[in-house]
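Okay, here's what each chain looks like letter by letter:
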Amino acid sequence: MMMQNQIRKMKSTIKDNDRLSDLPTAILLHIMSFMKIKDAVQTCILSKRWKDLWKSLPNLTLHTSDFSKPSIFSEFVSGIVLCRDGNHPLHNLDFDRHVSSYDIKKRTRIPKSLNLPTLISLHLEHVAISVDDRGHAEPFSTCNKLNTLIIDHFGVVSPNSYILPKLGILNITNATLANLTINDTSDRKIVISTPNLSSFSLNGSPFQALCGQEGKNVFHRKRLKKLLRVIEKETGAGEKKFIGGNKIGLADLALGWIAHTLVALEDVVGVKLITSDAFPNLHSWVLNFLEFPTTKNNLPPHELAVEYFREKREMFLSMATITRILESGTFKRS
């Protein structure tokens, strides 16, 4: 409401003395860049001079948080894309359609190749990136001026549906990219080919404790042991095999990741946390859980889990090595 009142006052001022509209287009666009996008679009009602200015904005910030409903946001973004003046380059794009991290179907789909040759800065959050028939996505290779890329909470989808490919690979290939930040990579494989990269940051990965500095590893192990001590008190009391008794229950299923994932990770990093000496009740519970017919027949084999997490660890270790080289200043461009 306040912005609408300001627009009315501006419109009245323009009628009386339209000195603002006499400013160069570049200055007007710079002023509009400080406004929320939906308010910038509303300036089209001020006069003929302002009617199409918003279509030439070089910087776009599109966030669902600025709209009352996701459906309104989707319609608005569609209108922006359809009406934007293609003769004016887009330099900076910040896009966030915030939905449940697990609801890949509701995320905005990014094409497998972005045709934005003048884009300098790109921030994508909560998006789904389309892959080709081979399961590969390479959306940034045609962004010929891209300098900064930030990717938060992304997923990958197949070309003709919203089925999540099991082996989807995101290829970040760009000749000009200098600054790269990836937050929450989940379990997606990422291939980076950026010869001019000078700054790289990887955040939010559950594997960071495995490939960080030794001091950080000790800190994370201490936190994990503290959690395991709490669970130790709830498992194996008396003669019962499971938390609720001799039959497996919901609490056991909820903690199943300990028996499957954590035990596999122990073999990957060579650190045993759940031992019969340190956690006798939890150790016994793990054995009972893995030997229970239903879980035994439905969980992936231990060897496959170890192989899977070993590949992920190697990927994150290589990324951590790149980060240390960049931070040490020993990185040299060829």
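Whatever comes next refers back to the structure up there.
Keep in mind that what you see is a predicted model, and the values were worked out from it rather than measured.

Student: Before we move on, can you summarise the side chain of asparagine 171 with the specific residues and values?
Tutor: With respect to the helices and strands, the residue asparagine 171 is situated in strand E9 (residues 169–173). Side-chain polar atoms of asparagine 171 contact the side chain of histidine 136, separated by 3.2 Å. Dropping the residues within four chain positions of it, asparagine 171 is found in contact with His136, Ala137, Glu138, Pro139 and Val191.

Student: Describe the packing of aromatic side chains, with residues and values.
Tutor: With the rule as written, the count across this model stands at two aromatic pairs. Between phenylalanine 242 and phenylalanine 292, the ring centres sit 5.6 Å apart and the planes meet at 85°, which makes this aromatic pair edge-to-face. Of this pair, phenylalanine 242 sits in the loop between helix H6 (214–234) and helix H7 (250–254) while phenylalanine 292 sits in the loop between helix H9 (280–291) and helix H10 (293–298), and the two are 50 residues apart along the sequence. The class for phenylalanine 242 is buried, based on a relative accessible area of 3%.

Student: How would you summarise the sheet that holds strand E4 (residues 121–125) if you had to cite specific residues and measurements?
Tutor: Pairing is parallel in the open sheet, where six strands are placed in the order E1-E2-E4-E7-E10-E12. Because the sheet does not close on itself, it has two edges, and the strands there are strand E1 (59–63) and strand E12 (199–203). Neighbouring strand axes in the sheet, compared pairwise and without regard to direction, differ in orientation by 5° on average. Pairing of strand E2 (residues 92–96) with E4, which is carried by five bridges, proceeds in the parallel orientation. Residue aspartate 96 lies in a different strand from E4, and its bridge partner there is glutamate 125.

Rules of the game
Residues numbered from 1 in each chain as written. Predicted model: local features only at pLDDT ≥ 70, side-chain atom pairs only at ≥ 80, totals over all residues. Heavy atoms only, no water. Helix = DSSP H or I, 4+ residues; strand = E, 2+ residues; numbered from the N terminus. Polar contact = N/O pair within 3.5 Å; in protein donor to acceptor, adjacent residues only side chain to side chain. Contact = heavy atoms within 4.5 Å. Phe/Tyr/Trp six-rings, centres within 6.5 Å; stacked < 30°, edge-to-face > 60°. Buried < 20%, exposed > 50% of the residue type's maximum accessible area, 1.4 Å probe, protein only. Pairing = 2+ DSSP bridges. Axes fitted to C-alpha atoms, helices over the stretch in contact; angles between N-to-C directions.

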